[in-house]
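# Secondary and tertiary structure notes
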Amino acid sequence: MKMAMLPYMSADMKDMELNFGGRKVPYVLVRKNVKNINARIKDDGIVYVSANPFVPKAQVEAFLLSKADFILHALDQNAARMHAPRKAYFTEEELKAFITAYCEKVYPYYAGRGVPFPEIRFRKMVSRWGSCHTGRHILTFSTNLLYAPEECVEYVVLHEFSHFFAANHSAAFYAELEKVCPLYKERRKKLKEIHIR
Ligand SMILES: [Zn+2]
């Protein structure tokens, strides 16, 4: 199944419902100029389907039915994830203090390599843990990191600092990261197990 980002074109969106062998699944049909029928389950647990205006609804529903196992499984997983209890390792204030202190702790290494002390910002981000604006020297961290243990938060700080040397996730970037975080693969794996919402 092709996964695609769908634009919010409310005029072309229609709420539909499909019966998967007795289980009713609502979905949103978006009519747009695409070649294939695309379906995607968003974090809100809603199935978004995009199809060309010329594709009849019956064909869209036949496509969805052919993907029933995948869709139902994904919906169940999503529901379980949304209700799973999460362990908080920090309060939001503690997280901000921890990250700020850790940035100051590791900064001398980066100062030695010509990186100005960055502005540190916090924002609730659900699609990523942090970001680095290399040109403006801003590091932004997701407040969702309060669900991550200390060593993973440290990894995110070092990851974002490493972007001052390589903007993308190239081999050169990971070489930089590994210098300061030899266990980065383990940290990253642990972080991936934490679901954010
Ligand atoms: Zn990155």
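Values in this document were obtained by computation on a predicted structure and should not be read as measured data. (Residues numbered from 1 in each chain as written. Predicted model: local features only at pLDDT ≥ 70, side-chain atom pairs only at ≥ 80, totals over all residues.)

### Some points on the overall build of the protein
Rule in force here: Helix and strand assignments follow DSSP, with helices taken as H or I runs no shorter than four residues and strands as E runs no shorter than two, numbered in order from the N terminus. It is over C-alpha atoms that the radius of gyration is taken, and the globule rule equals 2.2 Å times the number of residues to the power 0.38. Any residue whose C-beta has 12 or fewer other C-beta atoms within 10 Å is treated as exposed, any with 20 or more as buried, and any in between as partly exposed, C-beta atoms being built from the backbone.
A tally of helices and strands in the protein yields 6 helices and 7 strands. Listed N to C, the secondary structure of the protein is β-β-β-β-α-α-α-β-β-β-α-α-α in terms of helices and strands. Rg of the C-alpha trace for the protein: 21 Å, well past the compact-globule value of 16 Å for 197 residues, more than 25% over. Projected onto the principal axes, the alpha-carbon positions of the protein cover approximately 65 × 35 × 30 Å. By residue count, 20% of the 197 residues in the protein fall in the buried class.

### Looking at unusual backbone geometry
Its identity as a non-glycine residue notwithstanding, His 137 has a phi of 55°, on the positive side. Along the chain, His 137 turns up in the loop between strand 6 (130-133) and strand 7 (138-142). Overall, His 137 belongs to the partly exposed group, with 13 C-beta atoms counted inside 10 Å.

### Considering the domain arrangement of the protein
Spelled out, the test is: Each domain span listed reflects an automatic or database assignment of domains.
Structurally, the protein comprises domain 1 (10-83) and domain 2 (92-192). Distance between the C-alpha centres of domain 1 and domain 2: 37 Å.

### Structural notes on the sheet that holds strand 2 (residues 23-31)
Convention followed: Should DSSP find at least two bridges between two strands, the strands are taken to pair. Axes here refer to lines fitted to C-alpha atoms; in helices the fit is confined to the stretch in contact. Angles between the N-to-C directions go from 0 to 180 degrees. Whether two residues are in contact is decided by their C-beta atoms, placed from the backbone, lying within 7 Å.
With respect to topology, 4 strands assemble into an open sheet ordered 1-2-4-3, the strand pairing being mixed. Of all the strands in the sheet, the pair left with one neighbour each is strand 1 (13-20) and strand 3 (38-41). Each neighbouring strand pair of the sheet contributes to a mean axis angle of 30°, computed without reference to strand direction. By the bridge criterion, 4 bridges tie strand 3 to strand 4 (residues 47-51) in an arrangement that is antiparallel. Counterpart to Ala 39 in the pairing with strand 4 is Val 49. Here helix 1 (residues 57-66) sits on the sheet in contact with strand 1, strand 2, strand 3 and strand 4, set at roughly 135° to strand 4. Strands strand 1, strand 2, strand 3 and strand 4 of the sheet are contacted by helix 2 (residues 68-83), whose axis makes an angle of about 20° with strand 3.

### Considerations on the sheet that holds strand 5 (residues 119-123)
Spatially, 5-7-6 is the arrangement adopted by the 3 strands of the open sheet, whose pairing is mixed. What marks the edges here is a single partner per strand, and that holds for strand 5 and strand 6. Taken over all neighbouring pairs, the strand axes of this sheet differ in orientation by 20° on average, direction set aside. Pairing of strand 6 with strand 7 involves 4 bridges; the strand directions are antiparallel. Residue pairing in the sheet places His 133 in a bridge with Ile 138 of strand 7.

### Looking at the confidence of the model for the protein
Note the cut-off: Here pLDDT means the predictor's own confidence in every residue, given as a number from 0 to 100.
Of the residues in the protein, 93% have a pLDDT of 70 or more, and the chain-wide mean is 89. Within the protein, strand 5 carries the highest mean pLDDT (98), whereas strand 1 carries the lowest (83). Within the model, the stretch residues 1-9 combines pLDDT values under 50 with 15 contacts to residues more than four positions away or in other chains.

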